[in-house]
Amino acid sequence: MKQIIICIGVFMISFFELFAQVEKKQSEISVVYGTKTLNSEMNDAWPIRQDVSSSFYSNGYNLSVDVENRLDFVGVKYEYYFYENKLSVLSGLKVLFFNSGLIKADQDDGGYYYLRIKTEGTTTEYARVKSITESSTYAGIPVELKYTPFDYKYFSFYGKLCLDVAYKLATNTNINFKQAEMQEYESTVLNEINPEANSFYGTIYAAVGANLRLNKSLYINLDVFVPSFLTTTDNSGLVNVQNDSGVQISLSIPFK
């Protein structure tokens, strides 16, 4: 029995030594795609009445205007390793697509909400709206510090501290009116109401992830973002973002 235990111990030590034979890396270049779910509230600058045009469902009346938003991004990053592959820094170029909307929950069944478009003295005018959507595109530079405490032959686990800084390239806001003939007044309404959004985007966040080495010249990485808080405000004219979380996948080519 004692000999069996010794043999098992020797085998396990040999196995982990073999697995731990990691080739020293100097740098990698990666193609990245990711998405974030944003926890947001409606921007109070929009003069909206929600308690109209409700539809009855089994669980009660649907009175709400849904806040919908997400952030998708693509990018290219260069990673440089040091301190025996334990630490690395990453930077590159990232393009972000920020989409948000104020959408009547039952719009598909004819639901709408009122948007105040003009007030003169005691007279107030409203338009019936099914949804308001906004899409913005940012370009920026990510900077990441990565620590890899566990690095084996075919996979590794790591943590990151990340900073994104970006500038808005373009934005587009659309109002979907209940009455089609109102669409010709869309630009007029937007000029009157549309609040100014921040041209700069910045956030600090953390992530944990895993690296799988498919072969000597191609790696795949999966990052899970810890809920983070934006460092900039007013990045959307429709919503106020409280925090975000999400995932990122990337393909990497290593260089020695």
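Residues numbered from 1 in each chain as written. Predicted model: local features only at pLDDT ≥ 70, side-chain atom pairs only at ≥ 80, totals over all residues. Heavy atoms only, no water.

Asks: Could you clarify how one ought to interpret the environment of Phe157 in this entry?
Replies: Position of Phe157 among the secondary structure elements: in strand 9 (residues 155-177). For Phe157, a relative accessible area of 39% corresponds to the partly exposed category. Phe157 sits 10 residues away from Tyr147 along the chain, and the two C-alpha atoms are 8.7 Å apart. Here Phe157 is in contact with Tyr147, Thr148, Pro149, Phe150, Gly209 and Ala210, once residues within four sequence places are set aside. (Helix = DSSP H or I, 4+ residues; strand = E, 2+ residues; numbered from the N terminus. Buried < 20%, exposed > 50% of the residue type's maximum accessible area, 1.4 Å probe, protein only. Contact = heavy atoms within 4.5 Å.)

Asks: Looking at this structure, I do not really get empty space enclosed by the protein. What am I missing?
Replies: Over the atoms, a rolling probe the size of a water molecule traces out where space has been left empty. The final tally for this structure, using the stated rule, is 1 cavity of 30 Å³ or more. Considered as a void within the structure, the largest cavity measures approximately 80 Å³ in volume. Ser30, Leu90, Lys160, Asn221 and Ser250 are, among the 14 residues lining the largest cavity, the residues nearest its centre. Elements that contribute at least two residues to the lining of the largest cavity include exactly strand 1 (27-42), strand 5 (65-82), strand 9, strand 11 (218-230) and strand 12 (239-255). (1 Å grid on protein atoms, 1.4 Å probe; cavity = no way out; pocket = protein on both sides within 12 Å on 5 of 7 lines; lining within 4 Å. Points joined across faces, edges and corners; volume = space filled by probe spheres on them.)

Asks: Looking at this structure, I do not really get the pairing of strand 9. What am I missing?
Replies: Along any regular strand, the residues point their side chains to alternate faces of the sheet. The sheet contact formed by strand 8 (residues 123-151) and strand 9 spans 20 bridges and is antiparallel. Bridge pairing in strand 9 places Thr133 opposite Asn174. Counting the residues between successive antiparallel strands, the hairpin from strand 8 to strand 9 contains 3 residues. (Pairing = 2+ DSSP bridges.)

Asks: Can you help me understand the pattern of salt bridges in this one?
Replies: Side chains carrying opposite charge are able to pair once their charged atoms draw close together. All chains considered together, the criterion is met by 8 salt bridges. Between Arg70 and Asp72 there is a salt bridge, with its nearest N and O atoms 2.8 Å apart. Overall, Arg70 belongs to the partly exposed group, its relative accessible area being 40%. A salt bridge links Asp151 to Arg213; the nearest nitrogen and oxygen atoms lie 2.6 Å apart. One end of the pair, Asp151, is in strand 8; the other, Arg213, is in strand 10 (residues 200-215), with 62 residues separating them in the sequence. Here Asp151 and Arg213 have matching classes, each one buried. Shared partners join several salt bridges into a network, and the residues in it are Lys77, Glu144, Lys160 and Asp223. (Salt bridge = Lys/Arg side-chain N within 4 Å of Asp/Glu carboxyl O.)

Asks: Help me understand the nonpolar core in this model?
Replies: General note: in soluble globular proteins, nonpolar side chains tend to be found buried as a group. Among the nonpolar cores identified, the biggest contains 33 residues, and Trp46, Ile48, Leu102, Leu115, Ile132 and Ile175 are the most heavily contacted of them. Setting aside residues up to four positions removed in sequence, Ile175 forms contacts with Leu115, Val129, Ser131, Ile132, Gln183, Glu186, Val189 and Leu190. (Core = buried A, V, L, I, M, F, W, Y, C linked by side-chain atoms within 4.5 Å.)

Asks: Would you mind showing me how to read unusual backbone geometry here?
Replies: Most of the time, phi is negative for any residue but glycine, and the peptide bond is trans. In this model, Asp234 sits at a positive phi of 55 degrees, which is unusual for a non-glycine residue. Mapped onto the elements, Asp234 comes out in the loop between strand 11 and strand 12. Exposure remark for Asp234: the relative accessible area of 42% places this residue in the partly exposed category.

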